[in-house]
Amino acid sequence: PNGYLHPCLYEKPTPHADSRLFLLEYALLFNVTLRDYLEATGDRETALSLWPVAKRHKEVSLQGVSIFALEQSYHLARLLGKEDELKHLPMLIRKMKKAAHVNYFDKKSGLFKGLLNPQISYASQIWMILSGVASREEAEQALVALEQMEDACKPGTPYLYHYYIEALIESGLNTKARKKMIDYWGGMIQKGADTFWEAYDPVDDFLSPYNFFPINSYCHAWSCTPVYFIRKYPKIFQNRS
């Protein structure tokens, strides 16, 4: 009813959504996933049938991820020949990018910080890069600077690590992107994982969203990232040299 998408669907006892759950990033990233699906399969029929959903929740606002999602939504519209329905988006995106850069970019450190909470986090840099708020030079500078900051808030899940790797690629740091994927997902394999874990910190084997680390593998979607990047960027991830 409110135009948001639920992150979970269940088949039994009858097909239904879990109305108790709502994750803002997941709802926004539906449009990104739909564009990926259309480009990979050419299945316009499915994409067109889901277009009303994609178009409706574009108004949800969260600066970095929403700019990224809005841009991808407009690209999806162009692929479907529906850009006239979102013709206001390019100007809105430009305004949001400008506002984000003016308010969040700290020239002294070369990093993006919040106004109310100046915490330095990987998530902040990632979404400012993927949204195009950061220039290529600023993006590379921010990602290199992050690794020198011991108190930076780091990713603790394959979900955010996926976008960290994507930000590295977007910034031209391909060798580092390859190494990070091998170290992170390979690190789980080296520790005996038979499914990739929902939460994983290479320096904290007991990190768990459930306060009980043995069930970290209950969610099995986390192999998607290596498969996605290996197929999408073969020159980076399939080259043995």
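Only a predicted model underlies this, so the values are computations on that prediction, with no experimental measurement involved.

Caption draft 1: Spatial organisation of the overall build of the chain. Check the secondary structure of the chain and you find 10 helices and 4 strands. Secondary structure elements of the chain, listed N to C terminal, follow the sequence β-β-α-α-α-α-β-β-α-α-α-α-α-α. The C-alpha atoms of the chain give 19 Å as radius of gyration, which agrees with the globular expectation for 241 residues (18 Å, within 12%). Projecting the C-alpha coordinates of the chain onto the three principal axes gives extents of approximately 50 × 45 × 40 Å. For the chain, the proportion of its 241 residues judged to be buried stands at 39%. Per element, the accessible surface of the chain, about 14,400 Å² overall, is 54% carbon and sulfur. Between the averaged position of the 28 positive side-chain charges in the chain and that of its 27 negative side-chain charges there is a distance of 5 Å.

Caption draft 2: Local environment of helix H6 (residues 136–146). Those residues of H6 lying buried are Glu138, Ala139, Ala142, Leu143 and Leu146. Projection of H6 onto a plane perpendicular to its axis shows the buried side chains occupying an angular sector of 125°, all on one side. The exposed residues of H6 that point more than 90 degrees off its buried face are Arg136 and Glu137. Each element contacted by the buried residues of H6 is listed here: helix H4 (89–104), strand S3 (105–106), strand S4 (111–112), helix H5 (122–130) and helix H7 (158–170).

Caption draft 3: The packing of H5 against H6, seen in detail. Where H5 contacts H6, the two axes come as close as 10 Å, and the packing angle between them is 165°. Relative to H6, the element H5 lies roughly antiparallel. Our pair here, H5 against H6, has a crossing hand that is left-handed. For the pair H5 and H6, the contacting residues are Tyr122, Gln125 and Ile129 in the first and Ala139, Ala142, Leu143 and Leu146 in the second.

Caption draft 4: How the structure looks around the nonpolar core. Ile126, Trp127 and Ile165 are the most contacted members of the largest nonpolar core, which totals 61 residues. The element that contributes the greatest number of residues to this core is H7, accounting for 9 residues. Setting aside anything within four residues of it in sequence, one finds isoleucine 165 in contact with Ala177, Lys180, Met181, Trp185, Phe229 and Phe237.

Thresholds, definitions, all that
- Residues numbered from 1 in each chain as written.
- Predicted model: local features only at pLDDT ≥ 70, side-chain atom pairs only at ≥ 80, totals over all residues.
- Heavy atoms only, no water.
- Helix = DSSP H or I, 4+ residues; strand = E, 2+ residues; numbered from the N terminus.
- Rg over C-alpha atoms; globule rule 2.2 N^0.38 Å.
- Buried < 20%, exposed > 50% of the residue type's maximum accessible area, 1.4 Å probe, protein only.
- Areas by Shrake-Rupley, 256 points an atom, 1.4 Å probe, with all protein chains shown as cover.
- Lys, Arg positive; Asp, Glu negative; His and termini not counted.
- Charge placed at Lys NZ, Arg CZ, Asp CG, Glu CD.
- Arc of directions from axis to C-beta.
- Contact = heavy atoms within 4.5 Å.
- Axes fitted to C-alpha atoms, helices over the stretch in contact; angles between N-to-C directions.
- Parallel < 35°, antiparallel > 145°, perpendicular 65-115°, else oblique.
- Left-handed = near helix turned anticlockwise from the far one by under 90°.
- Core = buried A, V, L, I, M, F, W, Y, C linked by side-chain atoms within 4.5 Å.

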